[in-house]
Amino acid sequence: VQLQASGGGLVQPGGSLRLSCAASGPTFRYYAMGWFRQAPGKEREFVASISWSGGDENYADSVKGRFIISRDNAKNTGYLQMNSLQPEDTAVYYCAADSAVVASRFMFAANLEIWGQGTQVTVSS
């Protein structure tokens, strides 16, 4: 499985963006997946994760209530809907997937199996 993230861009504070993570390969449906971000000068941080079935979602406190993670296994694609964006959300966003780590453990995982390239999200007026 390979991942390709897209959908980043420049948005004003309060705006919305939807990131996509397109996966190659027929086994994506068996992988938990998640989103991480890294702002300049900061360490990479967990944003959200979702189980292979979509039944379990997990969020960082900083995005809870504003971001929604989802997936469409028929399209081999995961999504991150980001609402009420703030300047502190500015970062490079990465999607990741793992066949052995459950979604609820993504925030603690040091090395996930598969990473996509990042997509830049900039929130600025």
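This one's a predicted model, so the numbers in the text were calculated from it and none came from an experiment.

A. View of the side chain of Arg-37. Tracing the chain through its elements places Arg-37 in strand 4 (residues 32-38). Since its relative accessible area comes to 5%, Arg-37 is described here as buried. Engagement of the side chain of Arg-37 in a polar contact is seen with the side chain of Ser-62, the distance being 3.5 Å.

B. Expanded view of unusual backbone geometry. Even without being glycine, Asn-76 reaches a positive phi, approximately 55°. With respect to the helices and strands, Asn-76 occurs in the loop between strand 7 (67-72) and strand 8 (77-82). Phi at Ser-84 is positive, roughly 50°, even though this residue is not glycine. Within the fold, Ser-84 resides in the loop between strand 8 and strand 9 (91-98).

C. Region of the structure containing the packing of aromatic side chains. In this structure the tally under the stated criterion is two aromatic pairs. An angle of 55° between the planes, with centres 5.0 Å apart, marks the rings of Phe-36 and Trp-115 as tilted. One end of the pair, Phe-36, is in strand 4; the other, Trp-115, is in strand 10 (residues 114-115), with 79 residues separating them in the sequence. The partly exposed category is assigned to Trp-115, whose relative accessible area is 27%. An aromatic cluster is built from Phe-36, Phe-46 and Trp-115, whose rings are joined through pairwise contacts. Across the ring face of Phe-36, the terminal group of Arg-44 is positioned such that the distance to the ring centre comes to 5.9 Å.

Conventions adopted
Residues numbered from 1 in each chain as written. Predicted model: local features only at pLDDT ≥ 70, side-chain atom pairs only at ≥ 80, totals over all residues. Heavy atoms only, no water. Helix = DSSP H or I, 4+ residues; strand = E, 2+ residues; numbered from the N terminus. Buried < 20%, exposed > 50% of the residue type's maximum accessible area, 1.4 Å probe, protein only. Polar contact = N/O pair within 3.5 Å; in protein donor to acceptor, adjacent residues only side chain to side chain. Phe/Tyr/Trp six-rings, centres within 6.5 Å; stacked < 30°, edge-to-face > 60°. Lys NZ or Arg CZ within 6 Å of the ring centre and 35° of its normal.

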